[in-house]
Every structure is written in structure tokens, then in C-alpha cells.
Amino acid sequence: MDLIVEHLTFLRENYPLEKYLLGAGVAAVTIYFYRRYVEGGQFRKDHVKMDGKVVIITGANTGIGKETALDLARRNAKIYLACRDFKRCEAARLEIIEKTGNTQIFNRHLDLSTLKSVREFAEEFSQEEQRLDVLINNAGVFYLPHSMTEDGCEFHMHVNHLGHFLLTHLLLDHLKKAPQGRIVNVSSLGYTSAKIEKDNLHLLKPNSFSKFKAYANSKLAQILTTQRLAKELEGTNVTVNSLHPGGIQTEIARNVKIPKILLWTIFPIFGFLMGKSVKSGAQTTICCAVDPDLATVSGQYFSDCKVVKFEKLKRQARDQEINDYVWEESIRLAKIPSDFKYK
């Protein structure tokens, strides 16, 4: 017994509990501030409401699309969830209503991989609403094998860019009828890996296709056409901006084949160290859709709720020749009339 008491006394005197508590406290504070840094910019204007405003969000049944819908529903917006999977969208709609108490949430079918579906969605919406305040082009696909859509476009480029491009044009008159219409294009930092070639937009040349490159090219196309559309809309009440939401673990990466051992070990660690929460990932989208201070800001690329200066963008995002090419090809593929009126 005396030996045990002696040993405990030795430990208390040489390894005081206070040191361990201090070390644990320092570690906890460090982790807290590190996670705050990783989570990135936050839109904190919770007082801004959207009573009476009509919003469309594509791909709103999961991920940052659903998180954006939850936030805007709490601000009393009337929201149309535009999704390919009707059942999953309905489940999301009911969840949003339950969590926010906002019953002005609607489920509408939209398949961005076919221009026919885009036109049908726009026609149905036009029969229901006279105006549109905010269009959030959020839906996207990632890391799929090469394929061409029935409209003659590479699949990533069609879903992520071309479908939204047509949808935006079809709804521009509705956006102009709003006091201040906004178009928000959810792009990605992945655009930095893009390489769009004039004679190979659909990556049909031998050895030119990779799953990530196809995704990156579609995200670059969103940024380029955002810049051009902003110029076309100068002098109107409609703004258009693109953004990078941040690195987030969402369902968009469901097609990436990852060994289970990595899913159970490395990826959770990587997600904790580098990944944003879904809520944080939606903040820049919410900012661009809601912030009153951005009422006249257009043609910009945002990250962490802040504008990224044009000169900081990667080369192809500043290449006017590529910009013109992507715009002209998008107009052709989406079958936008040559006499389309932007103003």
C-alpha cells in the first residue's frame, strides 16, 4: 500500500494534471480555429429576408443545393426545386417544409442532359410565375465515362453548362420582370485544370478525354459565359455571377471509385483536415443570391463570399478568344436565336 501511495505522489509531483489539461485545452482551441479557417467565408446577414421573392434552384435535393434551399426557405422565399429525380426531390421538399415551416416549396422535374426537358421546365414555370428573382444553376455531374447527349454535347459539358445556359436564356424575361434579378452559376476551382480546345470541345480526339478534365472544362465554360452574359445584360436589372463553393464531401463524387480501405481511413481524415461542411459550402451561393450589397455586382467569380480579382483567375478564364468560342458554341448547341434580345 505504501508503495502505491509513493508512486502516485511521484506522478503528481512530476507530471501534474494541470499540464495535461493545459495541453488538451491548447489542442482544442487550435482545432477549433483551424476548422473555422477550413470552413471559409460565412454569410452572416441572417436578417435579410426574401419575402415575396421567387427562386429556382437546380439540383436542390441534396448537398449544397438543398442546404441553399433550406437557408432561403428560412428567409421566406418561394422556391422551386428543379431536379432530375422526382422522388428524391419530393423527399427534400418535405424535409425543407418540416424544418423551416415554409410551405411555398415546390418540386419540379428537370433533366439538364436534354434540351427538351429544359424547355419543358421553362414552359411549365412560365405558366405558374410571371417573374423570377433568383436563378441558382447548382446541379452538376462529376467523373463519368465519356458519352454524348442526344443534343450532340459531351455529357459533363451538357449537364453542368449547356443545360443551365439554355435555362438561363429561357428565363431571362422573367428575371427582367423582378425588381433585381440574379443568376448564380455554381462553378468550381476545378476549372483551373481545364483545357478547352477550339476543335475539341467534346473531347472526341484520341486520348484527349479524362473524367476530371471533362468536369473542369464544363466549369470553365460556366465562368466564361458568366463573364460574357454580364456584358450582354449591362444596363438591365439582371446580374450574373459564378462561384467556387469550396471543397465539400457531397454526393457529386459518388461516381469516383475509391477503395473501401481509403473510405474508412484516409478520406475521413482528409475531410476533417481540408473539407468544408455542406452548410459552409453553401455560404457563397447564399451570399450571391441574397446579399443586398451585391445588387449591381455582375460578371464576377466568387470564393468564400468574396470576389476573386480578374487578374487572379487562371489563364483560360481570362482568354477572350476562348471566351468568344465557348459563347458562340453554346449559342449554337442550345439553339438560341441569333436575334435574341438581352436588353
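In every chain, residue numbers begin from 1 and rise along the written sequence. Reporting of local features is limited, given that this is a predicted model, to residues whose pLDDT is at least 70; pairs of side-chain atoms are given and counted only at 80 or more, and all residues count toward the totals for whole chains, interfaces and linings. Only hydrogens and water are set aside; all other atoms, that is, all heavy atoms of the structure, feed into the side-chain values.

J.: Any chance you could explain the environment of glycine 59 here in plain terms?
T.: Here glycine 59 lies in the loop between strand 1 (54-58) and helix 3 (63-74). Residues glycine 59 and asparagine 137, 78 residues apart in the sequence, show an inter-C-alpha distance of 8.1 Å. Ignoring any residue separated from it by four or fewer positions in sequence, one finds glycine 59 in contact with Gly65, Lys66, Ala82, Cys83, Asn138 and Ala139. Secondary structure elements follow DSSP: runs of H or I no shorter than four residues count as helices, runs of E no shorter than two count as strands, and numbering proceeds from the N terminus. Here, residues are in contact when the closest pair of their heavy atoms is within 4.5 Å.

J.: Looking at this model, I keep getting lost on the environment of methionine 157. Mind explaining?
T.: In this structure, methionine 157 sits in helix 6 (residues 155-170). The exposure class assigned to methionine 157 is buried, which follows from its relative accessible area of 4%. For the pair formed by methionine 157 and lysine 219, sequence separation is 62 residues and the distance between their alpha carbons is 8.1 Å. With residues near it in sequence (within four places) discarded, methionine 157 still touches Leu162, Leu201, Asn217, Ser218 and Ala221. Between buried and exposed lies partly exposed: a residue is buried under 20% and exposed over 50% of the maximum accessible area for its type, with that area taken using a 1.4 Å probe on protein chains only.

J.: Mind showing me how you'd approach helix 12 (residues 283-290) here?
T.: Count 3.6 residues to each turn of an α-helix, and residues three or four apart come out pointing the same way. Of all 8 residues in helix 12, 8 are buried; the element is thus mostly enclosed. Buried residues of helix 12: Gln283, Thr284, Thr285, Ile286, Cys287, Cys288, Ala289 and Val290, and no others.

J.: Teacher, can you tell me more about the side chain of asparagine 107 here?
T.: Looking at the secondary structure, you find asparagine 107 in strand 3 (residues 105-109). Under the relative-accessibility criterion, asparagine 107 is labelled buried at 5%. Here a polar contact is taken to be a pair of N or O atoms separated by no more than 3.5 Å, where protein atoms must pair a possible hydrogen donor with a possible acceptor and residues adjacent in sequence count only if both atoms sit in side chains. In this structure the side chain of asparagine 107 is engaged in a polar contact, spanning 3.1 Å, whose partner is the backbone oxygen of phenylalanine 86. At 3.2 Å, the side chain of asparagine 107 and the side chain of glutamate 90 are in polar contact.

J.: Sorry, what's going on with the environment of isoleucine 248 here?
T.: With respect to the secondary-structure elements, isoleucine 248 resides in the loop between strand 6 (238-244) and helix 9 (260-264). Classification of isoleucine 248 as buried rests on a relative accessible area of 18%. A C-alpha to C-alpha distance of 9.5 Å links isoleucine 248 and glutamate 39, two positions 209 residues apart in sequence. Discounting chain neighbours no more than four positions away, the residues touching isoleucine 248 are Ile64, Lys276, Ser277, Val278 and Gly281.

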